[in-house]
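Spelled out from the first residue to the last, the chains are:
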Amino acid sequence: MRPIHYIYLFLLTPILVLGQDAAKYKAFEARYMEAYRQSQYAQSIAIIDSALLALETEPGRQGWKDSLSWSFTGSKMVLQYNLGQYKAVQKTLMTAKSQVERLDQGKKGVHLAEWLGLRAKLYLAEDNFEQATAKQLEAKAIFEQLKLEATPQYITLINNIAVVYLKQAKYDLAADFFRQSIALERKHNDAKGEPYARSLYNVMAIEEKAGQYTKAEQTANLILKIMEEVGRENEFYLKIMIAKGGVLERKEAFAKAKEVYLTALALAKRKQYDQLIPSITFNLGKACMAEQDYLAAETYYKAALGQPKGMMRQTVLSSLLKLYIVQEDYQQAENYLEQYRAEVAAVFAPKTVKYIQSLKYVARLGVAKGDFDAAEAAILQHLELNSTQEKHFDLDQLAGLDINYFLDLGELSRILFIAKDLEIKRYQESKAPASLKRLLIIDSLHAETLAKEREMAQLEQDRLRSLKVSSATYQRLMKWAHLDQQAAEQLLAISEKDKSTLLLESQNERIAYSKKLLPKNEQEKQKGIKKQYRQILKAYRSTEEKAKKDSLLVLLNDQIWEMEEHKRHLFKQYPDYVDYKFGHKRLQLKQLQKDLGPKRAAIEYFLTDSSCFVFYLDHQELRYVEQKINAKELAQQLMDLQRMLLSYKQVLSGNEEVFLNYSQKAHQLYQLLLAPVLQNPKRTVKQLLIIPDKELAYIPFESLLMLPAKETDNYNSLAYLIKRYAISYSFSLELWQHNQNTSFQENNGQMLAMAANYQEGDTISLNNKRSQLTPLKLAEEEVKKLATLFEGRFLFGQDAQEERFIKEAKKYRFIHLAMHGLMNREQPSLSGLAFTPDSDSLEDGFLQAIEILNLDLKADLVVLSACETAYGEFQAGNGTASLATAFINAGVPALLVSLWQVDDAATSMIMQDFYQQLDAGLSKSEALRQAKLNYLAANKGPMAHPAFWSPFILMGNDKKLNLPPSNPFLPFAIGGIMLSAGGAFLLRQKRKNRSKEKAA
């Protein structure tokens, strides 16, 4: 977003005096421009007034005088706008209308376009976005009709249209117009120096609004570098420093933000940019406030309050108000609230967003000080002024409220959040059922509002951020519904909300393609744009070279804009496609129970800070229990169990303490997570579908113990959950139902199996470090054995290359990859699978999650016989950010994946047996269960520990597969592997322990 003084810079260009006494008016211009450069706006206005007065008595043609007068008047209005003198601008603008008409001779000319642009700025100041956009688009049409698209005025107008959309959080439209602005600057101006830096400022604004704070910080650094190279440490340079500090605050790097602000403050004082000092000191106050240094925050805020006028002053007043509310100094808070509302009322009418916003602070202060009646009155007035309907609101009658009738969804969301705080306090005091009912309705409306706002957000990062906010709302809703003793079906519906939103959208898109809701050419265009974006993004994230990263950043933002522009086109032209992709049906409980059938039960978890809700659902009943927990303590228990399952060295030591610690923890977690709903198990239920939440997604439930360990127990005899049930997983019931009902896909019915080959010393770059790729000696044998069972292509050694996989994968029904999987915890999209290294290939041999998204797979089952393919950061609405998630997004309905680094000997054994059980006609989860039980029966001592057999889990579709006839000798071949695998592992383990950093 350009600084205000730059937005209408074309009005401050040198005046071309075509009449008499040119020197006199050039002198006026030189004087007011000098005062302007010194930020002496009041003196600039006085000089312009003197020039206008001189023009009134100037002899000569009216046209010449009007032209010169308009130049001075336009400059004056810009200065008044900078000072927040909006009423003065409006008065001057209305007076100048007749002058503009004379200049354009009654036609739609360039002067009218400039006038409309200024009128739009006034509407923008009032947050009247609809009128602002209307005036801007009218001005745009005039410029285009006059073929003036190459002029600075037109480029600035395009930029300003983007600013209006940005303020409305319509990031796709903002990005579109910013892209046009930059393209015009590149075409008609030199794409270097300050003009280009100012264009990049828009990019940074989009990145910040979209929550891409690291990218925004990098763009800010790029802008500062450009400005330093041209020796321009001016006001704009300082504004970028302020913006960078704001981005650091968003990243919660408050100490760094303060360093940036203090540097900027010193520079502003040295350069005498006095008009920026209040803004810098205000931001210092914000950073101190975030660190709870209230005394320093108060000092900076009050220093900032001394000079600014208009919106900046209102912002400082509202910040002081919030500071005193936090400190519970309500008398001071009321004082600043009174000042704030007086300044807002003096400028903005009651129906404007700024006036409506002021009511939030009245409500917030009322809630804080316990004046509930005043808070409720402000909330209701806020709702009435924000609504397009002429109606009175009542907190007891909000059920069924149509949010489409509100002017500003963001404001509606914020006032509902305050209304929630009000009713929580009322409920805490009275425990009144009425307050509980209101809380349910208010938070339901809040969730609906967030979902509606999310529809407008096109960037995935934006949607993920919105889903994270929604998650907190659903946690509160779950609490209210439970306290209100609502039916289990209502609570399960809350649990399901937004659990796998983005994954469902991805799968819905594929079905929409198959239903031809989008023409083939549009499908191909969309795929191509996304593929190009992911390729640039991968290159950008992977490189550390500064110059290369800077150039890729520009390309990346151009590609984002193109992607969003096409997406906006689809929204407009193909509503049926949009409805199918983004429309989420409410969970149909009866149909879900029918799909589960008599042999399967689903157990779904919903975690809050203090509760673990456990839902049990089978074909006949639905029930739930609430387990009181401490979320941090539960996370630590889960981490402890995971650490026990990861510690191969301790497991192999045979230490009795290792056995006791594991058995106690595994039974303890069973008692908490499963025993409450499995106390009286139905005999018909043989399969469990687990829907985990947050950290629960990191443990294999089959390793939990139904009974405590006895003195005579060993790893073989423990009462593992897998001994009673076959287990599968999904990120939500809705996603499972979607996958389970997916018909077998169109493919060649064959298998593609690949085993990577690594030599001693092979490495791959991960997190800017070289990770060693230890040889997997049994991987090749694993794939060779599969060749005896399946028709297809079986590649190992130098043939198991990434380029070959990308080319052929989309043909096959089954995909089996035996190779290292490497997790990038800092950037999960750069996690990947390591194929056989090949220096001659165009590919790098490392298929990353972001590349998997480009694959259009037709497989019914993908088996990732690799490390950590199901592990990743939990994302609300998107499951875990893992390789498994990437394959689901690529169209795969069922996956066999691992939760941690696995041993290749145990892996080979379980994988071979898994396919044998599939061949025998078992479902996928039953086949995996039997393969693990067979492993347990074939291995004794430490090798029977769950660390070896439990990391692999089945996700998604659990239907039986109709496999081709098997080789009758296969069982004997598999048995051979099983008998030798344990010894092979023990021989290699000593070598593996020498390097803890090596990929397992």
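Residues numbered from 1 in each chain as written. Predicted model: local features only at pLDDT ≥ 70, side-chain atom pairs only at ≥ 80, totals over all residues. Heavy atoms only, no water.

Student: Residues and numbers for the overall build of the protein, please.
Tutor: Helix and strand content of the protein: 41 helices and 18 strands. Taken over 1000 residues, the protein has a buried fraction of 59%. In the protein, 71% of the contacts between residues at least 6 apart in sequence involve partners at least 24 apart. (Helix = DSSP H or I, 4+ residues; strand = E, 2+ residues; numbered from the N terminus. Buried < 20%, exposed > 50% of the residue type's maximum accessible area, 1.4 Å probe, protein only. Contact = heavy atoms within 4.5 Å.)

Student: Pulling in residues and values, what's your account of helix H29 (residues 631–646)?
Tutor: Because an α-helix completes one turn every 3.6 residues, residues spaced three or four positions apart along the sequence face the same direction. Helix length check: H29, at 16 residues, gives a terminal C-alpha distance of 22 Å against a target of 22 Å (1.5 Å per residue), a fit within 8%. Within the sequence span of H29, burial applies to Leu634, Ala635, Gln637, Leu638, Asp640, Leu641, Gln642 and Leu645. Of the surrounding elements, those touching the buried residues of H29 are strand E1 (600–607), helix H31 (656–673) and helix H40 (946–949). (Expected span 1.5 Å × (residues − 1).)

Student: Can you lay out the pairing of strand E3 (residues 622–628) for me, pointing to particular residues and giving the numbers?
Tutor: Pairing analysis gives seven bridges linking strand E2 (residues 611–617) to E3, with the strands arranged antiparallel. Pairing of Tyr616 across the sheet is with Arg623, part of E3. Turn length for the E2-E3 hairpin, with the two strands adjacent in sequence and antiparallel, is four residues. (Pairing = 2+ DSSP bridges.)

Student: Tell me about the packing of aromatic side chains, residues and numbers included.
Tutor: For the coordinates displayed, the defined rule picks out 18 aromatic pairs. Relative to Tyr915, the ring of Phe790 lies with its centre 5.5 Å away and its plane at 85°, an arrangement referred to as edge-to-face. With a gap of 125 residues between them, Phe790 in the loop between helix H34 (779–786) and strand E9 (792–796) and Tyr915 in helix H38 (residues 904–919) connect regions that are remote in the sequence. Overall, the relative accessible area of 5% leaves Phe790 in the buried class. By way of ring pairs, the aromatic residues Phe790, Phe814, Phe914 and Tyr915 are connected into one cluster. Taking the ring centre of Tyr123 as reference, the NZ or CZ of Arg119 above it sits at 4.1 Å. Taking the ring centre of Tyr616 as reference, the NZ or CZ of Arg623 above it sits at 4.3 Å. (Phe/Tyr/Trp six-rings, centres within 6.5 Å; stacked < 30°, edge-to-face > 60°. Lys NZ or Arg CZ within 6 Å of the ring centre and 35° of its normal.)

Student: Provide a residue-level description of the side chain of Thr907, including the pertinent values.
Tutor: Secondary-structure assignment places Thr907 in helix H38. You can call Thr907 buried: its relative accessible area is 3%. Beyond its immediate stretch of four places on either side in the chain, Thr907 contacts Glu782, Ser865, Val902 and Phe952.

Student: Now, about the packing of helix H24 (residues 501–514) against helix H27 (residues 575–582): what can you tell me, with residues and values included?
Tutor: Two elements in contact, H24 and H27, have axes whose closest approach is 7 Å; the angle formed by their N-to-C orientations is 140°. Along this stretch, H24 crosses H27, giving a crossing that reads as right-handed. For the pair H24 and H27, contact is made by Glu505, Asn508, Glu509, Ile511, Ala512 and Tyr513 and by Tyr577, Tyr580, Lys581 and Phe582, respectively. Of the residues that constitute the contact of H24 with H27, the class distribution is six nonpolar, one polar and three charged. (Axes fitted to C-alpha atoms, helices over the stretch in contact; angles between N-to-C directions. Left-handed = near helix turned anticlockwise from the far one by under 90°. Nonpolar A, V, L, I, M, F, W, Y, C, P; charged D, E, K, R; others polar.)

Student: Describe the side chain of Asp618, listing the residues and the values that go with them.
Tutor: For Asp618, the location among the structural elements is in the loop between E2 and E3. On the basis of relative accessible area, Asp618 is assigned to the buried category, the value being 0%. Separated by 2.8 Å, the side chain of Asp618 and the backbone nitrogen of Gln620 make a polar contact. Leaving out residues up to four positions away in the same chain, Asp618 has contacts with Gln593, Leu596, Arg600, Ala601 and Lys682. (Polar contact = N/O pair within 3.5 Å; in protein donor to acceptor, adjacent residues only side chain to side chain.)

Student: Requested: an account of the environment of Gln381, with residues and values cited.
Tutor: Tracing the sequence through the fold places Gln381 in helix H19 (residues 372–386). For Gln381, a relative accessible area of 32% translates into the label partly exposed. Between the C-alpha atoms of Gln381 and Lys360, which are 21 residues apart in sequence, the distance is 9.9 Å. Setting aside residues up to four positions removed in sequence, Gln381 forms contacts with Tyr355 and Leu359.

Student: Any chance you could break down the pattern of salt bridges for me, citing the residues and the numbers?
Tutor: Opposite charge on two side chains allows them to pair when their charged atoms are near. Scanning the model with the defined rule gives 35 salt bridges in all. A salt bridge links Glu621 to Lys682; the nearest nitrogen and oxygen atoms lie 3.4 Å apart. Of this pair, Glu621 sits in the loop between E2 and E3 while Lys682 is found in the loop between helix H32 (675–678) and strand E4 (687–691), placing the two residues 61 residues apart along the sequence. Look at Lys682 and you get partly exposed, because its relative accessible area is 23%. Across the salt bridge formed by Glu702 and Lys932, the nearest N and O atoms sit 3.1 Å from each other. One end of the pair, Glu702, is in the loop between E4 and strand E5 (726–729); the other, Lys932, is in helix H39 (residues 924–938), with 230 residues separating them in the sequence. You'll find Glu702 and Lys932 in the same group, each marked buried. What you see here is one network of salt bridges that share partners, running through Glu376, Asp396, Glu423, Arg426 and Arg438. (Salt bridge = Lys/Arg side-chain N within 4 Å of Asp/Glu carboxyl O.)

Student: Would you mind going over the sheet that holds strand E11 (residues 820–822) in detail, with residue names and values included?
Tutor: Overall, antiparallel pairing links the three strands, which are arranged E11-E12-E13 in an open sheet. Both outer strands of the open sheet, E11 and strand E13 (846–848), are each paired with one neighbouring strand and no more. Neighbour-to-neighbour, the strand axes of this sheet turn through a mean angle of 25°, independent of strand direction. Direction of pairing for strand E12 (residues 832–834) relative to E13: antiparallel, over a ladder of three bridges. Along E13, the bridge assignment pairs Gly832 with Gln848.

Student: Before we move on, can you summarise the pairing of strand E14 (residues 861–865) with the specific residues and values?
Tutor: Within E14, five of the five residues are buried, leaving the element largely enclosed by the surrounding structure. In the sheet, E14 pairs with strand E17 (residues 894–898) via two bridges, with the strands oriented parallel. Looking across to E17, one finds that Val862 is bridged to Leu895.

Student: Any chance you could break down the environment of Phe794 for me, citing the residues and the numbers?
Tutor: Mapping Phe794 onto the fold places it in strand E9. Sequence separation of Phe794 and Lys784 is 10 residues, and the distance between their C-alpha atoms is 7.1 Å. Once you skip the residues sitting within four places of it in the chain, Phe794 turns out to touch Met751, Ala753, Val783, Leu786 and Ala787.

Student: For the confidence of the model for the protein, give the residues involved together with the corresponding values.
Tutor: Mean pLDDT over the protein stands at 81; residues scoring 70 or higher make up 85%. When the elements of the protein are averaged for pLDDT, helix H1 (residues 4–7) gives the smallest value, 34, and E4 the largest, 95. Segment residues 1–20: pLDDT under 50, and 62 contacts once partners within four positions in sequence are set aside and those in other chains are kept. Taken together, the stretch residues 966–1000 has pLDDT below 50 and engages in 57 contacts with residues farther than four places along the chain or on a different chain. (pLDDT = per-residue confidence, 0-100.)

Student: Please give an account of unusual backbone geometry that cites residues and values.
Tutor: One non-glycine residue, Gln105, lies in positive phi territory at about 55°. Within the chain, Gln292 stands out as a residue other than glycine whose phi angle is a positive 65°. Residue placement: Gln292 occurs in the loop between helix H14 (277–290) and helix H15 (294–305).

Student: I'd like a rundown of the environment of Ala938, residues and numbers included.
Tutor: If you trace the backbone, Ala938 turns up in helix H39. Distance from Ala938 to Asn716, taken between C-alpha atoms, is 9.6 Å for residues 222 residues apart in sequence.

Student: Describe the packing of helix H18 (residues 353–369) against H19, listing the residues and the values that go with them.
Tutor: Two elements in contact, H18 and H19, have axes whose closest approach is 7 Å; the angle formed by their N-to-C orientations is 160°. When the interaxial angle is binned, H18 and H19 end up roughly antiparallel. For the element pair H18 and H19, the recorded crossing hand is left-handed. Between H18, through Tyr355, Ile356, Leu359, Lys360, Val362, Ala363, Gly366 and Val367, and H19, the contact on the second element is made entirely by Phe372, Ala375, Ala378, Ile379, Gln381, His382, Leu385 and Asn386. A breakdown of the residues in the contact of H18 with H19 according to their chemical character gives 11 nonpolar, four polar and one charged. (Parallel < 35°, antiparallel > 145°, perpendicular 65-115°, else oblique.)

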